[in-house]
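Chain by chain, the residues:
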Amino acid sequence: MTLEVLAVDDSRTMRNMIKMALNTGDFEVHTADDGVHGLEVLEGISPDAIITDINMPRMDGFGFIDAVREQEKHRATPILVLTTESAPELKMRAREAGATGWIVKPFDPNKLIKALHMVAG
Amino acid sequence: MSQDTDPMAEIRASFFIESEELLEALQDGLTSLEDGDEDGEVINVVFRAVHSIKGGAGAFGLEALVRFAHRYETALDEVRGGRMEVSDKALKLFFQAADHLSDLVRESRDEGELPTERSQELLAQLDELIGDDGEDAAEEEIDFQPAGLSLDLDLGLPGLPPLDLPVAEDAPTEAPGFNIHFKPQLELYETGNEPFQLLKALHELGDCEVEILCEDIPALDDLAPEKSYLAWNIKLTTAADAAEINSVFEFVEGLCTLEITPLNAAASAPPPLDLSLPGDLPPPPPTLPDDDDVPVMAAEPAPTETDPVPVAETSELKPEPKAEKQTKAAGGGKQPAAKSVVRVDLDRIERLVNLVGELVINQAMLSQSLEQAGLSPHSDAMNGLEEFQRLTRDIQDSVMMIRAQPVKSLFQRMSRIVREASSAIKKDVRLITEGENTEVDKTVIERLADPLTHMIRNAVDHGLEDTQTRLDAGKSAQGNVRLSASHKSGRVVIDVSDDGGGINRPRVLQIAIEKGLIPEDSNLTDTEIDNLLFLPGFSTAKEVSDLSGRGVGMDVVRTAIQALGGRITIQSEPGVGTTFSISLPLTLAVLDGMVVEVAGETLVVPLNLVIETLTLSDVDMDMIRPGVLSIRVRGAFVPVFDLGVALGYREPLEDNSGCVVLLIAHEDGQRFAIMIDDIRDQRQVVIKGLDENFYRSPGIAAATILGDGQIALILDPTDIVHQAGNAAPLLDPALVSGASS
């Protein structure tokens, strides 16, 4: 089963890393440059999981998660937060914002895949 | 992503390109802050730039870069969080750190030697700035060790007991397996987690006996569809250890009641551990899909004793106020709207440029053969050709536009040069840049970096007076160096000016005489004296400072500018300042040329240098001395060089009448003339470099292919005059100093 994933990150490098990590044939990856763009992209797709960065221009990760969760059809869509900080309070904030889980950058491609399967099947 | 290249290497390369952009944004942001921009978004942009570099660097294991970026970011975060004011001192340090960061990025990219000492020095200053005694840094260091590509699995939530304690210590080795009691709370569903996936993940670790506990399900009437009623008991037979089991529940930790007990220790089960969040559950939201298959039993709620007794656990889990500020609103007002861009490999553009070059040549050939066919200039074919020519020119301009880049990146490098140069010699200097968005051919920008660096250093070192002299002269203590770029009549003009003391002409003259560069009795105009600075081997610095006195003079700068088809001139006013102007062609690929004939050879003279053409009658020409000719043009004497002689095509002519003279303007207004036999055409020519295959011949800039397929050399008239001037030692240097040296 192919999982459809939306990855939102303002860093091109990071987007490419994610694309490469998920380039196993099991994933269909869409990308967006920031929260606002992410919401636009989201209008056209129904991803099985969303990966988002926190620190982004225009709309940051927390704002993005809020906005996604407000949408009825994405109330239960798994959202993984990409963060360089592993500080516990940051994880708590991500969770309070409605994130499903988190991945600490730099990430191991296998772990990313595992985490995606963990939340999205 | 193409298959024949290593995708990782490609991403790595793209990381460095992106880093350059981020560094540019960083410089921009810091400059805005320096200008007193109060917009809160600016510091966010600055922070994000450093943050993103850190993130990418971590992915490639660039430890030194990560470490520096991290602590730089920490300092910036202090400002961002409003805990620190941006003082001048802080800003200066931030600029230095930004410079250093770009060093680190470049060294990392080129796998060069990293300036670790400088890192330490700056980090110490950054720590000092934010009043950090280093303890935190050491602690964070652990946190931010580039994780070497690992997923963080630590489970340390604040205020919650470590999850694995009850099991880890008495986990049996011989009877592997665990009993797991799992009861999700509502938040587990709300954050998009799904018990089914967790059970599946457990199943992958070993054999599971799963028992669903429906005791909590209320009577149908009381059933709130979104509430969490279910719980599971799982007996997992596995070789996996507790940590692995815990990792399955990492994301739901704190969102459920979870007990994990080793199988054989089940009898002496440790007190249940409740990881639920404290406080009341929020009212259930409308619908949640999961529980379709729940057997709905019309039974009383099961007795509660099967529930583990929750251990009261009340930890405040509010995030620290310092955590990221939400910036939901779309962008700060000052940011220019994002442009949509495509990245193209430079090779492809080069190819396109070459093709357009071929097109120009072909079109010239076509036009020539149509003419030879004797078509009337008013025929449809000729009209069509004219249109074709116009389109070709448009295409050419557009292609050149692709290669064009704003000079901004170049200017940013220069602002760094000013910072370093001024701090090295303890002058307070501010660089003002104008016209950063002026676009210039990429190659020109790259090759402009060295000469411009030298000129900026000169301006700081020699151009500006020291602080005391400035104050005595009634000027501000802070010296100004202005760097500006603009488009002027088809050329790019870059000015470097300072508000220093101007060129000390008596001293320049004296040095030139002392060094034997000019005769002692020379009587030079101000402009001519200024131009002495461009003579090889000229240096005014009384003491060689380690800054600009590296034995590289302005002559090298001029040579570099000329190699780009550019010209450089000086304007200076005592006590007010000096301006160096560089004028450059927009492109290096195509040239408007005048096709001329000398001694049967076809040559091309860059059209923009020719200000006037004259046909000679012998009356106009005077011989000042043997071998030195001059003509009188509107009352002024202008030296004349016979191109045929200068290039060695022929001996000097007995009779020059009937020859054509091209009046060439030098940048500073000096003029000279070159004599040719005839003018054949005026057209665009494609520049074909010769340097790669031939030695650089004096006076020849490049070559081109004409419409008839013939190859013609493109002249560098200034260089020709220079050579001719050397060849004629009797020539009065005063006459040619502006033109030839």
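Conventions used here
Residues numbered from 1 in each chain as written. Chains lettered and ligands numbered in written order. Predicted model: local features only at pLDDT ≥ 70, side-chain atom pairs only at ≥ 80, totals over all residues. Heavy atoms only, no water. Helix = DSSP H or I, 4+ residues; strand = E, 2+ residues; numbered from the N terminus. Buried < 20%, exposed > 50% of the residue type's maximum accessible area, 1.4 Å probe, protein only. Contact = heavy atoms within 4.5 Å. Areas by Shrake-Rupley, 256 points an atom, 1.4 Å probe, with all protein chains shown as cover. Salt bridge = Lys/Arg side-chain N within 4 Å of Asp/Glu carboxyl O. Pairing = 2+ DSSP bridges. Axes fitted to C-alpha atoms, helices over the stretch in contact; angles between N-to-C directions. UniProt positions renumbered as here; feature names shortened; annotations may be inferred. Phe/Tyr/Trp six-rings, centres within 6.5 Å; stacked < 30°, edge-to-face > 60°. Lys NZ or Arg CZ within 6 Å of the ring centre and 35° of its normal. Core = buried A, V, L, I, M, F, W, Y, C linked by side-chain atoms within 4.5 Å. Patch = residues over 30% accessible without salt bridge, like charges linked within 9 Å, V, L, I, M, F, W, Y side chains within 5 Å.

Caption draft 1: Highlighting the overall build of chain B. Within chain B, the secondary structure is distributed over 21 helices and 22 strands. In chain B, buried positions account for 47% of the 741 residues. Look at the contacts in chain B between residues 6 or more apart in sequence, and 70% of them connect residues 24 or more apart. Summed over its atoms, the accessible surface of chain B is roughly 36,900 Å², and 52% of this surface lies on carbon and sulfur atoms.

Caption draft 2: Structural context of the pattern of salt bridges. All told, the structure shown has 33 salt bridges over all chains when counted by the stated rule. With a closest N to O distance of 3.7 Å, A:Glu72 and A:Arg75 form a salt bridge. Since its relative accessible area comes to 15%, A:Arg75 is described here as buried. When salt bridges that share partners are traced, they join B:Asp99, B:Asp103, B:Arg416, B:Arg419 and B:Glu420 into one network.

Caption draft 3: How the structure looks around the sheet that holds strand 2 (residues 206–213) of chain B. Residues and elements named next belong to chain B. Taking strand neighbours across the sheet as the criterion, the 4 strands line up as 2-3-1-4 in an open arrangement whose pairing is antiparallel. Both edges of this open sheet fall to strand 2 and strand 4 (256–262), since each of them pairs with a single strand only. Sheet twist, expressed as the average angle between the axes of neighbouring strands with direction ignored, equals 15 degrees. Direction of pairing for strand 1 (residues 178–184) relative to strand 4: antiparallel, over a ladder of 7 bridges. Paired with Phe-178 across the strands is Pro-262, a residue of strand 4. Across the face of the sheet, helix 9 (residues 195–205) comes into contact with strand 1, strand 2 and strand 3 (231–238) while running at roughly 15 degrees to strand 3.

Caption draft 4: Expanded view of the UniProt feature "modified residue: Phosphohistidine" (unreviewed entry) in chain B. Residue and element names in this part refer to chain B. Feature annotation in UniProt assigns "modified residue: Phosphohistidine" (unreviewed entry) to the following positions: His-51. Residue placement: His-51 occurs in helix 2 (residues 40–59). By relative accessible area, which is 6% here, His-51 ends up buried.

Caption draft 5: Region of interest: the environment of B:Phe538. Residues and elements named next belong to chain B. Counting through the fold element by element, Phe-538 comes out in the loop between helix 17 (526–531) and helix 18 (554–563). Taking the C-alpha atoms as reference, Phe-538 lies 6.5 Å from Gly-553; in sequence the two are 15 residues apart. If near-sequence neighbours (up to four positions away) are discounted, Phe-538 is found in contact with Val-508, Ile-511, Ala-512, Leu-517, Leu-532 and Leu-533.

Caption draft 6: Layout of the packing of aromatic side chains. All names here are of chain B. Throughout the structure, instances matching the rule amount to 8 aromatic pairs over all chains. An aromatic cluster is built from Phe-15, Phe-16 and Phe-60, whose rings are joined through pairwise contacts. Stacked on the ring of Phe-47, the Lys or Arg Arg-80 has its end atom at 3.7 Å from the ring centre.

Caption draft 7: Quick peek at the nonpolar core. Residues and elements named next belong to chain B. Counting residues in each nonpolar core, the largest one holds 88 residues, and the members touching the most others are Leu-26, Leu-30, Tyr-72, Phe-94 and Leu-101. Sorting elements by how many residues they give to this core places helix 4 (residues 88–109) first, with 10 residues. Membership of the second largest hydrophobic core comes to 47 residues, among which are Leu-410, Val-440, Ala-449 and Ala-485.

Caption draft 8: Here's a closer look at a nonpolar patch on the surface. Taken together, the side chains of B:Leu352, B:Leu355 and B:Ile402 define a hydrophobic patch exposed on the protein surface, amounting to about 250 Å² of accessible area. Within the fold, B:Ile402 resides in helix 12 (residues 380–403).

Caption draft 9: Summary view of the pairing of strand 11 (residues 577–585) of chain B. Residue and element names in this part refer to chain B. In terms of residue burial, strand 11 counts as a mostly covered element, since 8 of its 9 residues are buried. Sheet analysis places strand 9 (residues 491–498) next to strand 11, joined by 8 bridges and oriented antiparallel. Residue Arg-491 lies in a different strand from strand 11, and its bridge partner there is Pro-585. Bridging between strand 10 (residues 567–573) and strand 11 involves 7 bridges; their strand directions are antiparallel. Looking at the pairing, Ile-568 lines up with Ile-582 of strand 11. In sequence, strand 10 turns back onto strand 11 through a hairpin of 3 residues, with Gly-575 there showing a positive phi of about 80 degrees.

Caption draft 10: Region of the structure containing the sheet that holds strand 19 (residues 671–676) of chain B. Residues and elements named next belong to chain B. Pairing is mixed across the open sheet formed by 6 strands, whose spatial order is 14-18-19-17-16-15. A strand with exactly one partner marks an edge of an open sheet, and here the two such strands are strand 14 (610–615) and strand 15 (621–625). Going from strand to strand, the sheet's axes swing by 35 degrees on average, the running direction of each strand aside. Alignment of strand 16 (residues 628–633) against strand 17 (residues 636–642), held across 5 bridges, turns out to be antiparallel. Within the sheet, the bridge partner assigned to Val-633 lies in strand 17 and is Ala-636.

Caption draft 11: Looking closely at unusual backbone geometry. The residue A:Arg58 is not glycine, and still its phi comes out positive at about 65 degrees. One can find A:Arg58 in the loop between strand 3 (49–53) and helix 3 (61–70). In this model, B:Ala599 sits at a positive phi of 50 degrees, which is unusual for a non-glycine residue. Inspection of the secondary structure assignment puts B:Ala599 in the loop between strand 12 (590–598) and strand 13 (601–606).

Caption draft 12: Region of interest: helix 1 (residues 12–21) of chain A. Of all the 10 residues making up helix 1 of chain A, 8 are buried; the element is thus mostly covered by neighbouring parts of the structure. Of all the residues in helix 1 of chain A, the buried ones are A:Arg12, A:Thr13, A:Met14, A:Arg15, A:Asn16, A:Met17, A:Ile18 and A:Ala21.

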